[in-house]
Amino acid sequence: MNRIILHVDLDSFYASVEEFRKPGIKGKPIIICIYSGRTKDSGAVSSANYKARDLGIRSGMPIIFAKRLAKKKRAIFLPADRPYYQSVSQRIMDILEKEADAFQQVSVDEAYLDVSETTGGDWEKAIKIAKSIKKKIKEREKLTCSVGIGPNKLVAKMASKNMKPDGLTLVKTPEVRNFLNPLEVSKLHGIGRVTSFILEELGIKTIKDLAEFKVASIEEKLGKNKAKMLQERAIGIDNSTVEEQEAKQISRIGTLKKDSRDIDEIFKKIKELAKDLEKRIESRKVSFRTISLITIDTTLDIQTRSETIEQTQKLVPMISITKELLKDFLEENKYKQLRRVGVRVSNLIYRKKQRTLGDF
Ligand code: CA
C-alpha cells in the first residue's frame, strides 16, 4: 500500500484572522507587524495578506519599508496578537488531528497528516478528507487553507504551495517526476539559499536538471551525502515519517466576561474550558494524572495550583477539584480580581495509536 500524506497550510494566517475579527478592514492590504518598541515604526513585518503582497510587501521586511510601499493604499498596519492567533490555531489543529492516523504540527499554521491507513492508500479518499478539512475550517473559523496531497512529506509540502490561496493539489506517485521537473531548483523544499546558489553556479536551473546532473560534479561542491540526498529529493524521494509530538501538558485559558472574584462566575468559565480541553485529551488519546488551575489577575500575575489524582482520561468529572483550588486561591488572595482563568492537565500518559508498517 502506498503512503498518503497531506500538508495543510493556512493562507496568510495572521492577516486572515484579523480580517475576520475586524470585518471593517476586509479587502484592504493588511500587514501584521512585530514592533520592537524602540521608535514608533521600528520592527518587522510578520505577515501580509495577498493584497499587501501585491504591493511588494513581504514578511521579514522592516515596517518602515512596508509603509513606504503602502503609501496612499489605505493599508492597515496591526500589531501581532500572538496569543489570539495561537488560540485560533489550536482549534484548527484539533480539527486536523482528528482526520489523521499520525499528525505533526510544523508551525502555528502548518501541519502534516498521515492518512495512509484511513484511506487504505486510495487517493480519492484522501481528496475527500482534504475537502472536508477545508470546509470545516471555512465554516468554523472563516479561513482558507491550501492542501497538498502526495506519497510523502516532501511532495505534499510542495503540492500545497502549487496552488494558493484556497488550493487543493494532488500529486500521485506516478506523477511526482512530472510535477517536480519544471520547478526552479530553489523551490525544492529543504534547499537553502546557499545550496541553491551553488547548484545554479553549476548550471542547474530546474529540479529536472538537478535529478539528471552528473553526481560527481555535485559531490565535488557539496560532498557525497548531500549530493545523494539532493538527487533523491529531486526525484521526489522522502522517507521521513509524520512525527507525532508528545506534549508534556495540555491547557486551555480563557478571559472572563469581566474581572471577577465571584466563585460561581469563574467556575462557569472553568467548566466551559474543561469541556473543550476534554475533547483535546480524547483526540490525543492521552491519560493524565495532574490537574491544575491557572489564575491570571488584573495585574497579570499568574499563579498555578495543582492536584495529582489517579490516572484518568476524563476531565469533566474531575473538574470540581479546580473549584477547591479556586476557593483556596480566593481565600489567600483577598483583594485580587481575576481577569483570565485556565485549566491544565499534565503527567500525561500516551496510549499509542496503531500505525501502518510503512511508517517504520
Ligand atoms: Ca501559511
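Basis of the calculations
- Residues numbered from 1 in each chain as written.
- Predicted model: local features only at pLDDT ≥ 70, side-chain atom pairs only at ≥ 80, totals over all residues.
- Heavy atoms only, no water.
- 1 Å grid on protein atoms, 1.4 Å probe; cavity = no way out; pocket = protein on both sides within 12 Å on 5 of 7 lines; lining within 4 Å.
- Points joined across faces, edges and corners; volume = space filled by probe spheres on them.
- Helix = DSSP H or I, 4+ residues; strand = E, 2+ residues; numbered from the N terminus.
- Nonpolar A, V, L, I, M, F, W, Y, C, P; charged D, E, K, R; others polar.
- Pairing = 2+ DSSP bridges.
- Axes fitted to C-alpha atoms, helices over the stretch in contact; angles between N-to-C directions.
- Contact = heavy atoms within 4.5 Å.
- Buried < 20%, exposed > 50% of the residue type's maximum accessible area, 1.4 Å probe, protein only.
- Donors = N, O, S within 2.8 Å, 3.2 Å for Na, K, Ca; no water.

**Student:** In this structure, what is going on with the layout of surface pockets? I would like to understand it.
**Tutor:** A water-sized probe rolled over the atoms picks out the places where empty space is left. Taken as a whole, the largest pocket holds about 920 Å³ of empty space. Gln86, Ser87, Gln90, Ser251 and Arg252 are, among the 27 residues lining the largest pocket, the residues nearest its centre. Elements represented by at least two residues in the lining of the largest pocket include exactly α4 (82-99), β5 (102-107), β9 (249-260) and α13 (263-283). Looking at which element gives the most residues to the lining of the largest pocket, the answer is α4, with eight residues. By volume, the second largest pocket is sized at about 430 Å³. Lining the second largest pocket are 21 residues, and of these Ser12, Ala48, Arg53, Ser59 and Asp109 sit closest to its centre. Within the residue set of the lining of the second largest pocket, elements represented by two or more residues are β1 (5-10), α1 (13-21), β3 (43-48), α2 (50-54) and α7 (153-162). A per-class count over the lining of the second largest pocket returns seven nonpolar, six polar and eight charged.

**Student:** Help me out: how do you make sense of the sheet that holds strand β7 (residues 145-150) in this one?
**Tutor:** Through backbone hydrogen bonds, the strands of a sheet pair up, either in parallel or in antiparallel fashion. The strand order β5-β6-β1-β7-β8 describes an open sheet built from five strands, whose pairing is mixed. The sheet is open, and its two edges are formed by β5 and β8 (168-170), each paired on a single side. Each strand of the sheet is rotated relative to its neighbour by a mean of 15°, with strand direction disregarded. Pairing of β1 with β7, which is carried by six bridges, proceeds in the antiparallel orientation. When the bridges of β7 are listed, isoleucine 5 appears paired with glycine 150. Strands in contact with α4 are β1, β5 and β6 (110-114); relative to β5, the strand with the most contacts, it is inclined by about 150°. Its contacts with the sheet put α7 on β1, β5, β6, β7 and β8, and the angle it makes with β7 is roughly 140°.

**Student:** Honestly, the side chain of arginine 280 in this entry has me stumped. Any pointers?
**Tutor:** Relative to the assigned elements, arginine 280 resides in helix α13. By relative accessible area, arginine 280 is classed as buried at 7%. Dropping the residues within four chain positions of it, arginine 280 is found in contact with Gln90, Met93, Asp94, Glu97, Ile250 and Arg252.

**Student:** Looking at this structure, how should I read the coordination of the calcium ion?
**Tutor:** Metal coordination angles have textbook ideals: 109.5 degrees for a tetrahedral set of four donors and 90 or 180 degrees for an octahedral set of six. At the metal site, the calcium ion is ligated by Asp9 (OD), Leu10 (O) and Asp109 (OD), and these contacts range over 2.4 Å. For the calcium ion, the single-chain donor residues occur in sequence as D-L-x98-D. Here aspartate 9, found in strand β1, pairs with aspartate 109, found in the loop between β5 and β6; they are 100 residues apart in sequence, far enough to count as distant. When sorted by exposure, aspartate 9 lands in the same class as aspartate 109, which is buried.

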